[in-house]
Each structure stands twice: as C-alpha cells, then as structure tokens.
Amino acid sequence: MHAKNGVVVSTGGFENNPQMQQDYLHIHKLTPLGTLYNRGDGVKMVQSVGAKMWHMSNYESLGIIPSYVIAEEEGTRGRQIGGWKNVKSGSVIAVANDGSRFMKEDAKFRHGHIYDHGEYNMPHAFDNAWLVFDQKQYQKFVEEKESGKLRYNKLFDKMINATSVSELADKMNVPAKNLTATINQFNEFAKNGKDLEFGRATDSMDEISTNKLYALKLAPAVLNTQGGAEHNEKAEILNNNDQPIPHLYSAGEMGGMCVNRYQGGGNLAECLIFGKIAGEQAAKMKSDTQEVKLENAVPSVNDLIAGDKIDNIELGPDQYVGSTEAGIGGRIVVRVTYKDKKIKNVEVLENHETEGIGAVAIQKLPDEIVKANSTEIDAVSGASTTTRAVEEAVNKAIKKAK
C-alpha cells in the first residue's frame, strides 16, 4: 500500500518479545498481564527507517504481590488479583533464587513499583521466585475455597509441600541453608514486631511454623512497556538527528512519554491525545505527496475495507444482519436467523473485542440469546460493554424481519 499523507504507528509495546525484554529490560522473561500479541513489530518497523528510540527500559506491572503473579504455562496470560490479603499477610513470605526475601510483600500497588531508598522502583525480576507459607496460612486458602471466595481456582494444583525446610528447599531448587536462615530471621521480626529488612507492617507478620510447609511458584509480570520511537508535540516520529521523518507519526505506548516510572492515567491520556494529534497530522494534505500506481496492493482480506460492506454478506431464508459501533473494539456485526418470533441462531461475523475479556463474551453470548429467545440476558462478568453491543446488534437485525 502507498499512504499519500501519513502513516500512524500505534502498535503498542514489546511485552511479548523475549529477545527485546532481554535487550532493553535486562530481564530473562516476563509474564504478560495484557494482550499476548504486542511483540514489538512497530519498534522494528520504525527502526528500519532510522527512528530514534527513547524510554526503552521502562515498563509497568501489577501482580498478587508487587510485579509478581502466579507462574503460568508458556503462552498464558498472568492473572492480576489485587487486594488478595492472604498472599501478603500472615505466615507467608516471598523468596528469590537464593532462598532469601527480596521485597516488602505488603507494599502498596503502584503499578508494580515499591519504595526503595527514596524512590519507587520495580523489584528485580527473579526467575525462581516463590511464596513460602505454613499450615496456618494454607488453612486460610482452604477457608477461602470453602466459602466460595478463592481468588484463583488452580491455586491448590500449583502448590508444592514438604515436612521440613530442607525438603521444601530441594523442591524449590534454592539453598536450604539460606531458606532456613530466611525463615528464622522473619520469625524473629514477627516475634519482635518489626521487620528490620523491608519494613513490612507489624500486623501483617505471623511466625512461620516449619512442621508443614508450602510453596507457590511466582513469575515476574509486565502490564505494558513504554519504549519505542521518540516523537514531538505534533506526534511526528524523529530520526537520530532529532528531525521529523516525513509522513510518519505515532500514538499510544509505542514510544510512550513515561521515562523511569508511570504517571497514573498517563498511557490512556497518550492514546487519546496523541491519537487525535497523529490522526489530524497524518490526514493533512502534503505538498510532497507522490502519485504512485500500485497493482494488486490491497490484500484479499482487509477488515477495514471488507467490514464496511455489510450488504455483501450472504443471507439465507429468515436471516438478517445487524451491526453496531458500540463494542470495546468498535464494530460488531451479527447475522441472526429469526422466524415466527423466535431467535433460531446468532452468528458474530465481525468483532474487535479484547482478547481474554470481550472475546470470551463473544463466544458465550449467541447461545445465551438463543436459549433465552431474548436479548435481555445477564452481562458476561467484566464484559458488560461487549454484552450490550451484541444485544444492540441482534435487536437491529430482528427489526429487519417482516
């Protein structure tokens, strides 16, 4: 394709590119909390035309404790579970590769950053980090399950246990001597009511009994990266001489403005503000526009083009099309089979909903609507906007029935 006036790069970060994580974040591997598909493609593209990079070492996180989630299988998103008291209060500690504590487990959530000698920094991303706790703490998780309030359904499947510190250390692959010293020191802090190492709150510490011990594997997590191409106030991407690269713009987290830590709401503001600026700048007619004839330039499948051609959707007997722009990702198009005042079938032909949230709802909603023979159904948890949008599209299709 040939863009006459401008190209806007808004591809997000590189939180799912292990090589870029190692190169720019000095980290072996991070578990994504958001989309699985931000792989730094935009960074590579702008580098190929001489763009200047900035803020490549800055990233944000969340977690069950600051910047750590429960370890998941390869290619699986981490679960963000905020406010889970039992993973950071009681007879429980977080230990790193060498079996020692490495953070204030009850630190306040600041996108993963914790207080560090006058600054808020991200805890180091250890490859072999664990939550270690005793039978008393284990029983708290049992009580959560029995009351239907367990925050993570696979919790018990992922635990390991042992009847001694040395046995647990062996299963965790950490030095038994260090883990023993760590537990003894923590118990001394809990007994005296003061955490001399990290300043954990007194009422959050309980001595760890070593008669029966448990451990849960943790993984350092990433919400989003900030690094990418530097741009100016006009959203123009700059080259290494700080000059705008003609016709090239950026918006969002692909080159975010946050330098060393995140300002609350900053990325959302960038998406809105620089999205508008970049769009306006790219749309302006340019005096150096080149007329280029391209043959077979448009791909055979392009949802930005084909998605507008609703009239081309094939319809069978008693089938009707409805659409809405009210989805989280924009357009949702449905084909509804409707006869004798009964909804026979609902097919979602186009959607751009968020992976893991709205996309899950898209799979469930058609069956629920058919089963109820109504669009007045309960919203899928966490996807109320998607639910309402699908209902609206189905209602528009039904109105076309004679």
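Everything below is about the structure shown above.
Residues numbered from 1 in each chain as written. Predicted model: local features only at pLDDT ≥ 70, side-chain atom pairs only at ≥ 80, totals over all residues. Heavy atoms only, no water.

Engineer: I'm lost on the overall build of the protein chain in this one. Help?
Structural biologist: A tally of helices and strands in the protein chain yields 10 helices and 18 strands. Projected onto its principal axes, the C-alpha positions of the protein chain cover 75 × 65 × 30 Å. Residues classed as buried in the protein chain amount to 46% of the 402 residues present. Sequence-distant contacts in the protein chain: of pairs separated by 6 or more residues, those separated by 24 or more amount to 68%. Surface summary for the protein chain: the accessible area is close to 21200 Å², and the carbon and sulfur share equals 48%. Separation of charge centres in the protein chain, based on 47 positive and 53 negative side chains, amounts to 4 Å. (Helix = DSSP H or I, 4+ residues; strand = E, 2+ residues; numbered from the N terminus. Buried < 20%, exposed > 50% of the residue type's maximum accessible area, 1.4 Å probe, protein only. Contact = heavy atoms within 4.5 Å. Areas by Shrake-Rupley, 256 points an atom, 1.4 Å probe, with all protein chains shown as cover. Lys, Arg positive; Asp, Glu negative; His and termini not counted. Charge placed at Lys NZ, Arg CZ, Asp CG, Glu CD.)

Engineer: Explain the sheet that holds strand β16 (residues 319-327) here, please?
Structural biologist: Pairing between the strands of a sheet is mediated by backbone hydrogen bonds and can be parallel or antiparallel. The antiparallel open sheet is built from three strands, whose spatial order is β16-β17-β18. Strands with a single pairing partner mark the edges of an open sheet, and in this sheet they are β16 and β18 (342-350). Put simply, the sheet's adjacent strands are angled 25 degrees from each other on average, direction ignored. By the bridge criterion, seven bridges tie β16 to strand β17 (residues 330-339) in an arrangement that is antiparallel. Bridged to Tyr-320 within β17 is Val-336. Across the sheet, helix α9 (residues 358-372) touches β17 and β18, and the angle it forms with β18 is around 165 degrees. (Pairing = 2+ DSSP bridges. Axes fitted to C-alpha atoms, helices over the stretch in contact; angles between N-to-C directions.)

Engineer: Is there a simple way to explain the pairing of strand β15 (residues 244-250) in this structure?
Structural biologist: Remark: a regular strand shows side chains that alternate across the two faces of the sheet. The element β15 is extensively covered by neighbouring structure, given that five of its seven residues are classed as buried. Sheet topology places strand β1 (residues 7-9) next to β15; three bridges connect them, and they run parallel. Bridging from a neighbouring strand, Val-7 pairs with Leu-248 of β15. In the sheet, strand β14 (residues 236-238) pairs with β15 via two bridges, with the strands oriented antiparallel. Bridged to Leu-238 within β15 is Pro-244. Counting the residues between successive antiparallel strands, the hairpin from β14 to β15 contains five residues, one of them, Asp-242, with a positive phi of roughly 65 degrees.

Engineer: Hey, could you run me through helix α10 (residues 384-399) in this one?
Structural biologist: An ideal rise of 1.5 Å per residue puts 22 Å on 16 residues; α10 measures up with 23 Å between its terminal C-alpha atoms. Taken together, the buried positions of α10 are occupied by Thr-386, Thr-387, Ala-389, Val-390, Glu-391, Ala-393, Val-394, Ala-397 and Ile-398. Those residues of α10 that are buried lie in contact with β16, β17, β18 and α9. (Expected span 1.5 Å × (residues − 1).)

Engineer: What should I look at first to understand unusual backbone geometry in this one?
Structural biologist: Backbone phi values are negative for most residues with the exception of glycine, while trans is the configuration of most peptide bonds. Positive phi, close to 60 degrees, is recorded for Asn-173, a residue that is not glycine. Its location among the elements puts Asn-173 in the loop between α5 (165-172) and α6 (176-192).

Engineer: Help me understand the pairing of β17 in this model?
Structural biologist: In terms of burial, β17 is largely enclosed, as nine of its 10 residues are buried. Counting the residues between successive antiparallel strands, the hairpin from β16 to β17 contains two residues. Judged from the seven bridges that link them, β17 and β18 form a sheet pairing that is antiparallel. Residue Val-333 lies in a different strand from β18, and its bridge partner there is Glu-350. Taking the residues between adjacent antiparallel strands as the criterion, β17 and β18 are bridged by two residues, where Asp-340 takes a positive phi near 55 degrees.

Engineer: Explain the packing of aromatic side chains to me, please; I cannot follow it from the model alone.
Structural biologist: When we look at a pair of aromatic rings, we describe it by the centre distance and by the angle of the planes. Evaluation of the coordinates by the stated rule reveals nine aromatic pairs. Between Phe-102 and Phe-126 the ring centres are 5.1 Å apart and the planes differ by 70 degrees, which places this aromatic pair in the edge-to-face class. Placement of the pair is Phe-102 in the loop between β6 (92-95) and β7 (114-116) and Phe-126 in the loop between β8 (119-121) and β9 (129-134), with a sequence separation of 24 residues. For Phe-102, a relative accessible area of 14% gives the class buried. Under the relative-accessibility criterion, Phe-126 is labelled partly exposed at 21%. With a centroid separation of 4.3 Å and 10 degrees between ring planes, the pair formed by Tyr-138 and Tyr-214 is classed as stacked. With Tyr-138 in helix α3 (residues 135-146) and Tyr-214 in strand β11 (residues 213-222), this residue pair connects regions lying 76 residues apart in the sequence. Taken together, the ring pairs connect Trp-84, Phe-133, Tyr-138, Phe-141, Phe-156 and Tyr-214 into an aromatic cluster. The side chain of Lys-217 reaches across the aromatic face of Trp-130, ending 5.9 Å from its centre. (Phe/Tyr/Trp six-rings, centres within 6.5 Å; stacked < 30°, edge-to-face > 60°. Lys NZ or Arg CZ within 6 Å of the ring centre and 35° of its normal.)

Engineer: So what exactly am I meant to see when it comes to the state of the cysteines here?
Structural biologist: Formally, a disulfide is one covalent bond, and it connects the sulfur atom of one cysteine to the sulfur atom of another. Using the criterion set out here, one finds zero disulfides in the structure. There is no disulfide at Cys-258, and the cysteine sulfur nearest it, in Cys-271, is 11 Å away. (Disulfide = S-S within 2.5 Å.)

Engineer: Any chance you could explain the layout of surface pockets here in plain terms?
Structural biologist: The rolling of a water-molecule-sized probe over the atoms marks out the regions of remaining empty space. Empty space within the largest pocket amounts to approximately 1200 Å³. Surrounding the largest pocket, 35 residues form its lining, Gly-34, Thr-35, Leu-223, Thr-354 and Ile-357 being those nearest its centre. With three residues, helix α7 (residues 266-283) is the largest single contributor of residues to the lining of the largest pocket. Residues of the lining of the largest pocket, tallied by class, amount to 11 nonpolar, 16 polar and eight charged. (1 Å grid on protein atoms, 1.4 Å probe; cavity = no way out; pocket = protein on both sides within 12 Å on 5 of 7 lines; lining within 4 Å. Points joined across faces, edges and corners; volume = space filled by probe spheres on them. Nonpolar A, V, L, I, M, F, W, Y, C, P; charged D, E, K, R; others polar.)

All we've got here are geometric facts, nothing functional implied.
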